[in-house]
Amino acid sequence: MTIATPAQRWPVRAGPYLGPILALVIWELGARALSDAFVLAAPSAILIYLSDNAALMARALGVTLGNAAAGFVIGNLAAIALATLAVVWPRSDAMVRGLALLVFCLPLVATGPILRVVFGPGPWPQIVLAALAVYYTTLIPLLVGLRALPTGWLDLVRSYGRGRMAALIHVRAMAALPYLVAGLQIAAPAAFLGAMVGEFTGAERGMGVLTIRAMRGMNVEMTWALASVATAVAVLGYLAIGWIARLFMADEPPVILAAPAEGGRKGSRAFLTVLAVAAAMIAIWWGGLRLLNLSPFFAKGPWDVFEALFLAPDAAATRSTLANAMRETGVFLLPGYVAGLAAGAVLAMLVVLFPAISGTAMPVAIALRSVPIITTAPLVVLILGRGALGTVVLVAIMVFFPTFVACLHGLRQAPGRVMDVMRSYAASPWQVLLRVRIPAMLPAFFAAARMNVPASVLAVTVVEWLATGNGIGSVMALSASLSDYDMLWSSVALVCVLSAMGYACVGLLERRVLAAYAPEQLA
Amino acid sequence: MSAAVICTDLSKTFKGGVEAVAPTSLTFAAGQTTALVGPSGCGKSTLLRMIAGLEQPSAGQITIGGQPPEETLRKANLSVAFQDPSLLPWRSVRKNIELALDLARRPKKDDDIDQLIRLVGLDGFAETRPAELSGGMRQRAAIARALSTKPDLLLLDEPFGAVDELTRQQLANDLPGIWEARGATTILVTHSVSEAVMLSDRIIVLSPRPARIVEDIAVDLPRPRSSDQARRPEFGAIVDQVFAALAHGMAETLPKAAQ
Ligand SMILES: Nc1ncnc2c1ncn2[C@@H]1O[C@H](COP(=O)(O)OP(=O)(O)O)[C@@H](O)[C@H]1O
Ligand SMILES: [Mg+2]
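Residues numbered from 1 in each chain as written. Chains lettered and ligands numbered in written order. Predicted model: local features only at pLDDT ≥ 70, side-chain atom pairs only at ≥ 80, totals over all residues. Heavy atoms only, no water.

1. Observations regarding the overall build of chain A
Counting secondary structure elements, chain A contains 20 helices and 0 strands. Each of the 523 residues in chain A was classed as buried or not, and the buried ones make up 52%. Sequence separation of 24 or more characterises 78% of the internal contacts of chain A that already satisfy a separation of 6 or more. Carbon together with sulfur atoms contributes 70% to the accessible area of chain A, which is approximately 24,700 Å² in total. (Helix = DSSP H or I, 4+ residues; strand = E, 2+ residues; numbered from the N terminus. Buried < 20%, exposed > 50% of the residue type's maximum accessible area, 1.4 Å probe, protein only. Contact = heavy atoms within 4.5 Å. Areas by Shrake-Rupley, 256 points an atom, 1.4 Å probe, with all protein chains shown as cover.)

2. Quick look at the nonpolar core
Counting residues in each nonpolar core, the largest one holds 139 residues, and the members touching the most others are A:Y136, A:M207, A:L466 and A:M476. Two domains each put at least three residues into this core: domain 1 (37-256) and domain 2 (275-523) of chain A. In this structure, B:V93, B:M137, B:A144 and B:F235 belong to the second largest nonpolar core, which totals 47 residues. (Core = buried A, V, L, I, M, F, W, Y, C linked by side-chain atoms within 4.5 Å. Domains from an automatic or database assignment.)

3. Here we look at the sheet that holds strand β9 (residues 213-218) of chain B
Residues and elements named next belong to chain B. The 6 strands are arranged β5-β6-β7-β3-β8-β9 in an open sheet whose pairing can be described as mixed. Each edge of the open sheet carries a strand with a single partner, namely β5 (78-81) and β9. Recorded for the sheet is a direction-independent mean angle of 15° between the axes of neighbouring strands. Looking at chain direction, β5 and strand β6 (residues 153-157) are connected through 4 bridges and run parallel. When the bridges of β6 are listed, V80 appears paired with L155. Running at roughly 170° to β5, helix α5 (residues 135-148) makes contact with β5 and β6 of the sheet. (Pairing = 2+ DSSP bridges. Axes fitted to C-alpha atoms, helices over the stretch in contact; angles between N-to-C directions.)

4. Brief notes about helix α19 (residues 471-481) of chain A
Residues and elements named next belong to chain A. Here α19 lies mainly inside the structure; 9 of its 11 residues are buried. Of the residues making up α19, those classed as buried are G471, I472, G473, S474, V475, M476, A477, S479 and A480. Note on α19: the residue one or two positions beyond its end, S483, has a positive phi of about 55°.

5. Re the interface of chain A and chain B
Listed per partner, the contact involves 15 residues of chain A and 25 residues of chain B. One can count 1 salt bridge joining chain A with chain B. Residue B:R49 pairs with A:D155 through a salt bridge whose shortest N-O separation is 2.7 Å. On inspection of chain A and its partner chain B, the count reaches 5 residue pairs in polar contact (both at pLDDT 80 or more). Element by element, the count of residues in the side of chain A that touches chain B is highest for helix α7 (residues 151-159) of chain A, at 7 residues. Across the side of chain A that touches chain B, the residue classes break down as 8 nonpolar, 4 polar and 3 charged. (Salt bridge = Lys/Arg side-chain N within 4 Å of Asp/Glu carboxyl O. Polar contact = N/O pair within 3.5 Å; in protein donor to acceptor, adjacent residues only side chain to side chain. Nonpolar A, V, L, I, M, F, W, Y, C, P; charged D, E, K, R; others polar.)

6. As for the sheet that holds strand β4 (residues 59-64) of chain B
Residue and element names in this part refer to chain B. The strand order across the open sheet built from 3 strands is β2-β1-β4, with neighbouring strands paired in antiparallel fashion. The strands lining the two open edges of the sheet, one partner per strand, are β2 (19-28) and β4. With direction set aside, neighbouring strand axes in the sheet form an average angle of 15°. Those strands touched by helix α1 (residues 44-51) are β1 (5-13), β2 and β4, and its axis lies near 125° from that of β1.

7. So, the site of ligand 1
All names here are of chain B. Taken together, F14, V18, A20, S40, G41, C42, G43, K44, S45, T46 and R209 make up all the residues around ligand 1. Backbone polar atom of G43 to an oxygen atom of ligand 1: 3.0 Å apart, as the coordinates give it. The element best represented in the shell around ligand 1 is α1, accounting for 3 residues. A class-by-class count of the residues in the shell around ligand 1 yields 4 nonpolar, 5 polar and 2 charged. (Near = heavy atom within 4 Å.)

8. Details of unusual backbone geometry
All names here are of chain B. Cis geometry is adopted by the peptide bond preceding P210, which originates at R209 and carries an omega value of -5°. Assignment of secondary structure puts P210 in the loop between β8 (202-206) and β9. Of note, the phi angle at D9 is positive, near 45°, even though the residue is not glycine. On the secondary structure map, D9 appears in strand β1. The backbone of S86 sits at a positive phi, close to 50°, despite the residue not being glycine.

9. Quick look at the domain arrangement of chain A
Residues and elements named next belong to chain A. If you check the domain split of chain A, you get domain 1 (37-256) and domain 2 (275-523). The gap between the C-alpha centroids of domain 1 and domain 2 is 17 Å. With 43 residues of domain 1 at the interface, the matching set in domain 2 holds 42 residues. Together, the buried faces of domain 1 and domain 2 total about 4,000 Å²; carbon and sulfur atoms form 87% of this surface. Across the contact surface, domain 1 and domain 2 share 0 salt bridges. Along the contact surface separating domain 1 from domain 2 lie 1 residue pair in polar contact (both at pLDDT 80 or more). When residues of the side of domain 1 that touches domain 2 are traced back to their parent elements, those giving at least two are α4 (93-104), α5 (108-119), α6 (124-147), α8 (164-200), α9 (207-216) and α10 (220-248). The dominant element in the side of domain 1 that touches domain 2, judged by the number of residues it contributes, is α10, at 9 residues. Among the residues making up the side of domain 1 that touches domain 2, the classes are represented as 37 nonpolar, 6 polar and no charged. (Buried area = accessible area lost by both parts, 1.4 Å probe.)

Rendered as structure tokens:
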């Protein structure tokens, strides 16, 4: 008989809470032990700070939440509109994706000051940055969801003589709803992150402004308190959307992490698409400036950037400044990126090998993924200093969580039948991992690797901007404060293009690797 | 009202070069039930989808009641029931039927829908979602949906395909009477020979891919037919004739394929 006595049941029930409680205790003790080092604030100190400064914090939080909410709505509406366009008019799909990716690759920290001069004072730069931070992570799952349905459903619509609009309204919209929710869940914390990054770059009020103030003043409690509040808000936002969705949806939202690998388009076709997207982007850039009728002093068009980079008397100097800065940035970015990917994949595999932990690991990891890592940048700087290590670690952490969640999900996707066959041959867990699970994981891993290119660029530029004074982030900060708009726009364009190229390179690598190791995943 | 379907030199070659339907001329008489029988993968569904306007023919023509299929589609005057019932999972049986009426721009009359649901034997399941129905019940719902718009042309692609043999027999027993009563021109794709003989006025036997007509067999058995009839010699004779035609089609194609 296996009837659990109350004494046996107790640790089982307390299980999920034991970890966090232990962590809090260690945190508290550690902070007290290190109280002279001025890096770590104890949970108790954070609570005391928060209660002493409740009014200040609440005001800042209110401002940032308001901006984040506005950006959330705008960004997601834009994503829904774009996804709808791509589905109703399939020819626009490549263009929509391409432009969306380029905009997603804009370095937010440098876009902030540009938006500031465009919009002037007020909340709009933060709102636009929040919108920019969310639309892509909604657009991609939505595009998948609007298409991931049995062809029979679409045949049904067509067999009654109805077209794409009817299919969209009656079939696709509902079918895509869980995917939309998955996107919105990621978008909630991302909007908060975008609003804070906007506030970093010259707002008057909000959590981002307080964060800068705390860092400048070396105020350890305040820095930790702000990061804790931002983390709590992000996780709550993530959970709240899941909860609301569950009220009117039967199924769990799917975990969609990134666009599936592009179908093998012919080389020349792909090249033409890239050309068309680039041309459209330049046209939009040029036309947008014209339309807004902005002062040419700070509103630099494509031609101005080309001139600054290639024709102006100091073009060579500008180019070498940018190249040096990019090199400095690359030195931090690449190791952090690779380390984050590796750590995410390896940890996910370990978790799967020890099923006992994997049950709790997934929800925790999903919640942690929604933490706006950037808001903890000041903490990393506090702990690891303004040197290379802090930057690399921050990039790695930024990359780690999405990769971990994606890989864990991918590893679990291994088809049950194949697993049964392996088990019937008494295959060891290692063999199952190597032969079945890892091939099943690869698409998710690469999807995360692609999406993490812009994310890691954001991380590195924010640390450089806020703290280290190195690399392209610092060039951006400097040129923003010196009103060197040629340099600012040039660096934005350069980083955007390089990020998009990085994304494309990972995509190429993805197709090569999948073709070699998991051809069934390429279908 | 029902309409004759006339296919003239109809053929289909898919983009990858797969020839699914060889040039075929064929008339489906108005108000009759015609069964298309052929080995799996021979192009039956492709033929049906071309008639439904879901697939463009590579060559040849189709008219439905003297008009091109687009016209029939525009008037939402045909219904297709697929092997996979293709019910929307977030809609109840009733709502799935209402969807067809919405798509076809027909009025939604509650009484008619209730009656239809009763007729297909789903009484009491109107508000149930597909996930909670058995495979056979889903097929019933799909048939009810196809009939709800009162089409002149009913296209059934293995409508009892995705269920076990017992359920299949039960469906084949219960449902055909309902659509026969409507008098629509019915094209039924099946790979079950006895089902074809039981349900149709005429059987077209198709060769392996690309589909050609091997034999055109009239089924002159009295209606309504019951499972008792299946034991009669006339019935058995037609079944044998269909099997012989299928074998003939195979034999003709196989040596060619071996070359
Ligand atoms: N969209 C398509 N593209 C390419 N080949 C197809 C497509 N649809 C069907 N086929 C091929 O056409 C042939 C006939 O298919 P189908 O009409 O579905 O056969 P049946 O319904 O008789 O089993 C098959 O070989 C199938 O693989
Ligand atoms: Mg078929």
